[in-house]
Amino acid sequence: AAGVIQSPRHLIKEKRETATLKCYPIPRHDTVYWYQQGPGQDPQFLISFYEKMQSDKGSIPDRFSAQQFSDYHSELNMSSLELGDSALYFCASSLFGVPYEQYFGPGTRLTVT
Amino acid sequence: DAKTTQPPSMDCAEGRAANLPCNHSTISGNEYVYWYRQIHSQGPQYIIHGLKNNETNEMASLIITEDRKSSTLILPHATLRDTAVYYCIGLIYNFNKFYFGSGTKLNVKP
């Protein structure tokens, strides 16, 4: 069965650079979620989208922005990167109306040096 | 959102049942209990959810006390691949963001 695809899987950036993470949800899933997991920490909800509209917002820094496109894929844009942004970034998708069953991707490991 | 409390770690012998407890004494009447797990550095995986009745699926069983203040996730025959952090989350149904707490690190040993 098709799963959530995230790219790239690994990314190394320097401080103050920008990064773009991409997420391709499971076919027919219309809702996308982004989570950040720092080293040794639990996943933290950042933001979610349904039908290209932002549906909910968590602890997402102002330096980060995200959007969902007409094909339902989503991108997380991160600017002015800081060392503390180094983390695993997970994307998850679900069907609207079934938000409890979120399918997570393998994650993008971002390292900021 | 209901505050949930879980033990930080538990051990279980391979092939035995793993019983993972969760306290959610502040849960409200319309909040469900959800269980997810995260195998090392992989994305969290949905296991099961319930409101007040016990639930069972191909992965696990969920036992919720009558007063709904606590629940237990049961993995009937734990394998080494079940070693993971297990998260119990209390949330209103159709509320589309999860706040993962500290979870229980389950170590399944041969």
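See the structure printed just above.
(A) The arrangement of the side chain of A:Gln68 in detail. Residue and element names in this part refer to chain A. Along the polypeptide, glutamine 68 turns up in strand β7 (residues 64-68). A distance of 2.8 Å separates the side chain of glutamine 68 from the backbone nitrogen of lysine 52, its partner in a polar contact. A polar atom in the side chain of glutamine 68 sits 3.2 Å from the backbone oxygen of tyrosine 72. Setting aside chain neighbours within four positions, we find glutamine 68 in contact with Asp30, Val32, Phe49, Tyr50, Glu51, Lys52, His73 and Ser74.

(B) A look at unusual backbone geometry. Each neighbour pair has its own omega, and for A:Ser7 with A:Pro8 the value is -10°, a cis peptide bond. Relative to the helices and strands, A:Pro8 resides in the loop between β1 (5-7) and β2 (10-13). Phi angles above zero are rare outside glycine, and A:Ser80 is one such case at about 45°. Relative to the helices and strands, A:Ser80 resides in the loop between β8 (74-78) and β9 (87-94). The exposure class of A:Ser80 is partly exposed, given its relative accessible area of 39%. Unusually for a residue other than glycine, B:Arg68 sits at a positive phi of about 65°. Residue placement: B:Arg68 occurs in the loop between β6 (61-64) and β7 (70-75).

(C) Inspection of the interface of chain A and chain B at higher detail. Each partner contributes residues to the interface: chain A has 22 residues there, and chain B has 20 residues. Summed over both sides, the interface between chain A and chain B buries roughly 1800 Å², with carbon and sulfur atoms accounting for 53% of that surface. Scanning the region where chain A abuts chain B turns up zero salt bridges. Linking chain A with chain B are three residue pairs in polar contact (both at pLDDT 80 or more), by the criterion used here. Elements that contribute at least two residues to the side of chain A that touches chain B include exactly β4 (31-37), β5 (44-50), β6 (53-57) and β9 of chain A. Tallied by class, residues from the side of chain A that touches chain B come to 10 nonpolar, seven polar and five charged.

(D) Structural view of the pattern of salt bridges. Residue and element names in this part refer to chain A. Per the counting criterion, the structure on display carries six salt bridges over all chains. The partner of lysine 52 in a salt bridge is glutamate 51, with the nearest N and O atoms 3.9 Å apart. We classify glutamate 51 as partly exposed; its relative accessible area is 28%. Ionic pairing is found between arginine 63 and aspartate 85, a salt bridge with its closest N-O pair at 2.9 Å. Here the residue arginine 63 occupies a position in the loop between β6 and β7, and aspartate 85 occupies one in the loop between β8 and β9, the gap between them amounting to 22 residues. The class for aspartate 85 is buried, based on a relative accessible area of 4%. The network of salt bridges with common partners includes Arg63, Glu82 and Asp85.

(E) Local environment of the packing of aromatic side chains. Using the criterion set out here, one finds 11 aromatic pairs over all chains in the structure. Between B:Tyr36 and B:Phe100, the ring centres sit 6.0 Å apart and the planes meet at 85°, which makes this aromatic pair edge-to-face. Separated by 64 residues along the polypeptide, B:Tyr36 in strand β3 (residues 31-38) and B:Phe100 in the loop between β8 (84-92) and β9 (104-109) bring together distant segments of the chain. Put simply, the rings of A:Tyr35, A:Phe45, A:Phe90, A:Phe104, B:Tyr36, B:Tyr46, B:Tyr87 and B:Phe100 touch in pairs and so form one group of aromatic residues.

Analysis parameters
- Residues numbered from 1 in each chain as written.
- Chains lettered and ligands numbered in written order.
- Predicted model: local features only at pLDDT ≥ 70, side-chain atom pairs only at ≥ 80, totals over all residues.
- Heavy atoms only, no water.
- Helix = DSSP H or I, 4+ residues; strand = E, 2+ residues; numbered from the N terminus.
- Polar contact = N/O pair within 3.5 Å; in protein donor to acceptor, adjacent residues only side chain to side chain.
- Contact = heavy atoms within 4.5 Å.
- Buried < 20%, exposed > 50% of the residue type's maximum accessible area, 1.4 Å probe, protein only.
- Buried area = accessible area lost by both parts, 1.4 Å probe.
- Salt bridge = Lys/Arg side-chain N within 4 Å of Asp/Glu carboxyl O.
- Nonpolar A, V, L, I, M, F, W, Y, C, P; charged D, E, K, R; others polar.
- Phe/Tyr/Trp six-rings, centres within 6.5 Å; stacked < 30°, edge-to-face > 60°.

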